[in-house]
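Survey of secondary and tertiary structure
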Amino acid sequence: MDKELVIVLDFGGQYNQLIARRVRECNVYCEVHPYTIGLDRIREMNPKGIIFTGGPNSVYGEGAPRCSEDIFELGIPILGICYGSQLMAYLLGGKVETAPVSEYGKTEVAVDGTSILFEGVSQKTVCWMSHTDYISEAPAEFTISATTPVCPVAAMEIPEKKLYATQFHPEVMHTQEGIKMLSNFVFNVCGCCGDWKMSSFAEDTIRSVREKVGGGKVLCALSGGVDSSVAAVLLSKAIGRQLTCVFVDHGLLRKNEGDEVEAVFGPQGPYDLNFIRVNCQQRFYTRLAGITEPEQKRKIIGEEFIRVFEEEAKKIGAVDFLVQGTIYPDVIESGLGKSAVIKSHHNVGGLPDCVDFKEIIEPLRLLFKDEVRKVGRELGIPEHLVNRQPFPGPGLGIRIIGEVTEEKVRIVQDADAIYREEIAKADIQGLGQYFAALTNMRSVGVMGDERTYDYAVALRAVNTTDFMTAECSDIPFEVLQRVMNRIINEVGRVNRVVYDLTSKPPGTIEFE
Ligand code: XMP
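Read on for an overview of the structure. What you see is a predicted model, and the numbers here were worked out from it, not measured in a lab.

Remarks on helix α9 (residues 294-316)
- Across its 23 residues, α9 extends 33 Å between first and last C-alpha, which sits within 8% of the 33 Å expected from 1.5 Å per residue.
- The first or second residue beyond α9 is Gly 317, which carries a positive phi of 90 degrees.

The structure is reproduced here in structure tokens:
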């Protein structure tokens, strides 16, 4: 490979791709590989640096993921993070133990400013910790370069051998100077120069899709959201009219969304695409009747989706490939690899085992939402489309807690439309995602001297850059009050409106 490469070795943590993406932000190409990858393959790839991820295991645990200690002899700079740091300590003769107190969350860390990993970082800096084990004794040769009151070895290093380790997670935004630390590793330790760009990603992908597809026909699952729109335009640039985009209106879309999507991608829109809209609302409502368990709902919606695509593909005939706009957070939270399952995102873990396509192409699988937006801009997609707020594949199905019914869909559509209208009127900028959801709670209220017993609508708004972590947005109280008033007055069967303050973690952005 002629471009600079840093590889991330995946030991099963939640933030593996986030590390890769932070490195790509430094304009250095970065890929995640399983920890089982052989040393020969690593030598062949010739990376400028290696990063070990965190993970849920203890290094002493049965079946704990471990790599060969010969990796430290390759002469390639290595940064171990969290579990990765403990593994480095363990393999090189240090001591790892259960910490007397687990550290979880933002923690003040005292760093040694003479370490090149911490060059330009404040002496006391807030870092994100999430661990029960810790390094109680660094291996001989290592110097300790950071501590916390709980953690005697919050970071350690052997600069001559270019081995570095941090107990905390520099890749998450909560580590206030984490990006500085990672860029110190990439540039100062690994010696990268940073000449890779997102446009190379679009060009490489278009080339590899052309090669893979040859003269075959391809169907794209288009939802009108940012991800599938970018995937569709990318594919259309690669293979033109060999592509057909199918838009399924499953009755779980936002108010008027079906028509809006058709206006952009249909025959009246700016793109030269084969576009088919399938209206099958009742089919989904029937399948979802009586189902309350979130994972079951997701799987049903995912399966039904695929069945609709299969039917459409049969009508077109000889379709080999299905394209989906799956992006990285969808993959990781569906529990692929060794990470824990958070939820089955409908275009990943929610797929049925048996799918009637030769292959599924997911060109954006390694990217995060804002990286997808960058690709969208590279492809010349208009800003209002690139900046659309994300909408999940299972749609309102996962914003209605409990059973989905047509009436509940109507309630949440109307409430959400009011919420979005008022946010737009108030011209509030910078929100990552905001929407109304329908809780499964009914409570007693009073309206016009009458007792009511109706639903509570939950309003959610989060600030986030990567959708892996998020914080509740500080929407002005008078805007929230206006939204509440309008929802209570204009949307039938709602007598209560609540605002969700939860960040992610511990919450997720969607409700199911
Ligand atoms: P959570 O709820 O997991 O959401 O914190 C993170 C981001 O992913 C979106 N999301 C999905 N997107 N299919 C998708 O395409 C899904 O099944 C799905 N579930 C959640 C969610 O809207 C947020 O942007």
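Some thoughts on the environment of Gly 266
- In this fold, Gly 266 is placed in the loop between α7 (257-265) and β12 (274-279).
- Taking the relative accessible area as the measure of exposure, Gly 266 reaches 2% and is therefore buried.
- Sequence-wise, Gly 266 and Cys 245 are 21 residues apart; in three dimensions their C-alpha atoms are separated by 9.4 Å.
- Those residues in contact with Gly 266, other than ones at most four positions away along the chain, are Val 261 and Phe 275.

Quick word on empty space enclosed by the protein
- Tallied over the full model, the rule gives two cavities of 30 Å³ or more.
- Roughly 80 Å³ of internal volume is contained in the second largest cavity.
- In terms of lining residues, the second largest cavity is bounded by Ser 223, Gly 224, Gly 225, Val 248, His 250, Leu 253, Arg 254, Glu 257, Phe 305, Phe 391, Pro 392 and Gly 393.
- Residue composition of the lining of the second largest cavity, by class: five nonpolar, five polar and two charged.

Considering the nonpolar core
- The biggest cluster of nonpolar side chains holds 122 residues, and the ones touching the most others in it are Ile 42, Phe 52, Ile 71 and Ile 487.
- Among the elements that line this core, the one with the most residues is helix α6 (residues 226-239), at nine residues.
- Those residues within four positions of Ile 42 in sequence are excluded, and the remaining contacts are Ile 7, Leu 9, Ile 37, Pro 47, Ile 50, Ile 71, Leu 74 and Ile 76.
- By size, the runner-up hydrophobic cluster in this structure holds 33 residues, among which are Ile 81, Val 121, Ala 155 and Phe 185.

Comments concerning the pattern of salt bridges
- Scanning all chains against the criterion turns up 38 salt bridges.
- Note that Glu 303 is salt-bridged to Arg 307, the shortest N-O span being 3.4 Å. Here the residue Glu 303 and the residue Arg 307 both occupy positions in helix α9, the gap between them amounting to four residues, near one helical turn.
- Glu 303 sits in the partly exposed class, given a relative accessible area of 28%.
- Notably, a salt bridge pairs Asp 416 with Arg 420, separated by 2.9 Å at the nearest N-O pair. Of this pair, Asp 416 and Arg 420 both sit in helix α13 (residues 406-426), four residues apart, which is roughly one turn of the helix.
- Residue classification places Asp 416 among the buried residues on the basis of a relative accessible area of 2%.
- Classification of Arg 420 by relative accessible area gives partly exposed; the value is 23%.

Things to note about unusual backbone geometry
- Of note, the amide linkage connecting Lys 504 to Pro 505 takes the cis form, showing an omega dihedral of -15 degrees.
- Summarising the element assignment, Pro 505 is placed in the segment after β18 (494-499).
- Residue Pro 506 is reached from Pro 505 by a cis peptide bond, and omega for that bond is 10 degrees.
- Relative to the helices and strands, Pro 506 is located in the segment after β18.
- The phi torsion at Asn 27 lies on the positive side, around 65 degrees, for a residue other than glycine.
- Along the chain, Asn 27 turns up in the loop between α1 (16-25) and β2 (29-34).

Notes on the sheet that holds strand β10 (residues 217-221)
- Taken in spatial order, the five strands line up as β12-β11-β10-β13-β14 in an open sheet, and their pairing is parallel. The outermost strands of the open sheet, each flanked by one partner alone, are β12 and β14 (359-361). Looking at each pair of strands side by side, their axes are set apart by 30 degrees on average, direction ignored.
- Pairing between β10 and strand β11 (residues 243-249): four bridges, direction parallel. Of the residues in β11, the one forming a bridge with Cys 220 is Cys 245.
- Across the face of the sheet, helix α5 (residues 198-213) comes into contact with β10, β13 (319-323) and β14 while running at roughly 165 degrees to β14.

Side note on the packing of aromatic side chains
- For the coordinates displayed, the defined rule picks out 14 aromatic pairs.
- Through pairs of rings, three or more aromatic residues link up here, namely Phe 11, Tyr 35, Phe 52, Phe 72 and Tyr 83.
- We note Arg 399 situated over the ring of Phe 435; from NZ or CZ to the ring centre the distance is 3.7 Å.
- Across from the ring centre of Tyr 455, 5.6 Å away, lies the NZ or CZ of Arg 442, which sits over that ring.

Analysis parameters
- Residues numbered from 1 in each chain as written.
- Predicted model: local features only at pLDDT ≥ 70, side-chain atom pairs only at ≥ 80, totals over all residues.
- Heavy atoms only, no water.
- Helix = DSSP H or I, 4+ residues; strand = E, 2+ residues; numbered from the N terminus.
- Expected span 1.5 Å × (residues − 1).
- Buried < 20%, exposed > 50% of the residue type's maximum accessible area, 1.4 Å probe, protein only.
- Contact = heavy atoms within 4.5 Å.
- 1 Å grid on protein atoms, 1.4 Å probe; cavity = no way out; pocket = protein on both sides within 12 Å on 5 of 7 lines; lining within 4 Å.
- Points joined across faces, edges and corners; volume = space filled by probe spheres on them.
- Nonpolar A, V, L, I, M, F, W, Y, C, P; charged D, E, K, R; others polar.
- Core = buried A, V, L, I, M, F, W, Y, C linked by side-chain atoms within 4.5 Å.
- Salt bridge = Lys/Arg side-chain N within 4 Å of Asp/Glu carboxyl O.
- Pairing = 2+ DSSP bridges.
- Axes fitted to C-alpha atoms, helices over the stretch in contact; angles between N-to-C directions.
- Phe/Tyr/Trp six-rings, centres within 6.5 Å; stacked < 30°, edge-to-face > 60°.
- Lys NZ or Arg CZ within 6 Å of the ring centre and 35° of its normal.

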